[in-house]
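Residues per chain, in single letters:
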Amino acid sequence: MSAGTVPIGPTLVVALLGLTVAAAAVLRLSGVGRGRAVLTAAARATVQLGVVSLVIVAVLRAWWSTGAFILLMYVVASVTARRRIGPSCPRRVAPLAIAAGVVPSLGVLLVSRALPVTPLVVLPTAGILIGGAMTATSLAGRRTLDELRTRHGEYEAGLALGLLPRDAALEICRPAAGQALIPALDQTRTVGLVTLPGAFVGVLLGGAGPLEAGATQLLILITLLAVEAVAIALALELLVRARARTAPWADRRLSRGRSAS
């Protein structure tokens, strides 16, 4: 065992169980809730990482298996994001938003050779970008739909002023959806001062120097900003357009326009 690895044994099991139970208990006792979600999330992470640890070597042996694993990550991220947004989210929103953010950005990294084009590098990089796009899409989607539900009166006021349904909805949803980028912005602003992210530490443990590790982490962080910005913008646009087409108040607005003409 090297100095940079976590020892696997009873101590690790006790630490993981203790921290998981403590987090769930604090949430339950404080009345915040979500204690059960902590337990299930920890259990799922344990099983999933165990399985991945067993198959990852085989996955990285060929490009086809690496690509298949990336596709699996994308499908799971899309399903998770749609579930987090809510049942009223159209099926295409999460997959399109995540793909629009990840595919061009990852393509730029590979075509420019900013990253080594090997399965060992491409797979974790794709996972980081897909995960960031999933989180951003989920947050932007939930906040967009929440704003459309709770600020219906402001939407109607926008229509009364002559705005089209899409434009009126965007006026009230843009600020809330933009908040989905705050975690990525905070991570980028505080990197090296508050946190040392995984890519930086991983490159160091892999034997590279501090400058190479810093450059790798900077590349990942900036790419994540681009990925999440695109995902947020597209999720907002698709949700607003879908609501403008299907909501009863949009139908009433269109009916009034036809009558006036």
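In this convention, every chain numbers its residues from 1, walking through the sequence in written order. The model is predicted, so local features are restricted to residues of pLDDT at least 70 and side-chain atom pairs to those at 80 or more, both for listing and for counting; the totals for chains, interfaces and linings are taken over all residues. To obtain the side-chain values, all non-hydrogen atoms of the structure were included, while hydrogens and water were left out.

Participant: Whenever I open this one, the overall build of the protein confuses me. Can you help?
Facilitator: Along its length, the protein carries eleven helices and zero strands. In this text, helices come from DSSP runs of H or I with a minimum length of four residues, and strands from runs of E with a minimum of two, each type numbered from the N-terminal end. Of the regular secondary structure in the protein, the N- to C-terminal order runs α-α-α-α-α-α-α-α-α-α-α. Each residue's exposure class comes from its accessible area (1.4 Å probe, protein chains only) as a fraction of the maximum for that residue type: buried when under 20%, exposed when over 50%, partly exposed otherwise. Looking at the protein as a whole, 32% of its 261 residues are labelled buried. The criterion used for residue contact is that any of the two residues' heavy atoms lie within 4.5 Å. Within the protein, counting contacts between residues at least 6 apart in sequence, those at least 24 apart form 68% of the total. Per-residue and other accessible areas follow the Shrake-Rupley method at a 1.4 Å probe size, with only the shown protein chains counted as cover for residues. Roughly 15,300 Å² of accessible area belongs to the protein as shown, and the carbon and sulfur atoms make up 69% of that amount.

Participant: Looking at this structure, how should I read the environment of G101?
Facilitator: Checked against the element boundaries, G101 lands in helix α4 (residues 93–111). A C-alpha to C-alpha distance of 5.0 Å links G101 and V230, two positions 129 residues apart in sequence. Apart from residues lying up to four places away in sequence, G101 is in contact with V227, V230 and A231.

Participant: Is there a simple way to explain the pattern of salt bridges in this structure?
Facilitator: Oppositely charged side chains may form a pair once their charged atoms are brought near each other. Salt bridge, as used here, is a side-chain nitrogen of Lys or Arg placed within 4 Å of a carboxyl oxygen of Asp or Glu. In the structure shown here, the tally under the stated rule is seven salt bridges. Where E171 meets R174, a salt bridge forms, and the shortest distance between an N and an O atom there is 3.8 Å. One end of the pair, E171, and the other, R174, are both in helix α7 (residues 165–178), three residues apart, so they sit about a helical turn from each other. Assessed through its relative accessible area of 44%, R174 is described here as partly exposed. The shortest N-O distance in the salt bridge between R241 and E237 comes to 2.5 Å.

Participant: How do you make sense of the nonpolar core when you look at a structure like this?
Facilitator: Nonpolar side chains in soluble globular proteins tend to end up buried together. Residues enter a nonpolar core if they are buried and are Ala, Val, Leu, Ile, Met, Phe, Trp, Tyr or Cys, with the set joined through side-chain atoms within 4.5 Å. Counting residues in hydrophobic clusters, the biggest one holds 26 residues, and the most contacted among them are V93, L148, Y155, I232 and L236. Among the secondary structure elements, those contributing two or more residues to this core are α4, α5 (119–150), α6 (152–160), α7 and α10 (210–246). A per-element tally of this core places α10 first, with seven residues. Sequence-distant contacts of I232, that is, excluding residues within four places in its chain, are made with A136, A140, A177, A180 and L181.

Participant: Sorry if this is basic, but what is going on with a nonpolar patch on the surface here?
Facilitator: To count toward a patch, a residue needs a relative accessible area above 30% and no salt bridge. Like charges then connect within 9 Å, nonpolar side chains (Val, Leu, Ile, Met, Phe, Trp, Tyr) within 5 Å. On the surface, a cluster of nonpolar side chains totalling about 380 Å² of accessible area is made up of V47, V51, L54 and V55. Mapping V51 onto the fold places it in helix α2 (residues 35–59). Classification of V51 as partly exposed rests on a relative accessible area of 45%.

Participant: Looking at this model, I keep getting lost on the environment of E154. Mind explaining?
Facilitator: By secondary structure assignment, the location of E154 is in helix α6. On the basis of relative accessibility, which here comes to 42%, the residue E154 falls in the partly exposed class. Distance from E154 to A168, taken between C-alpha atoms, is 8.3 Å for residues 14 residues apart in sequence.

Treat this as a map of the structure, not an account of what it does.
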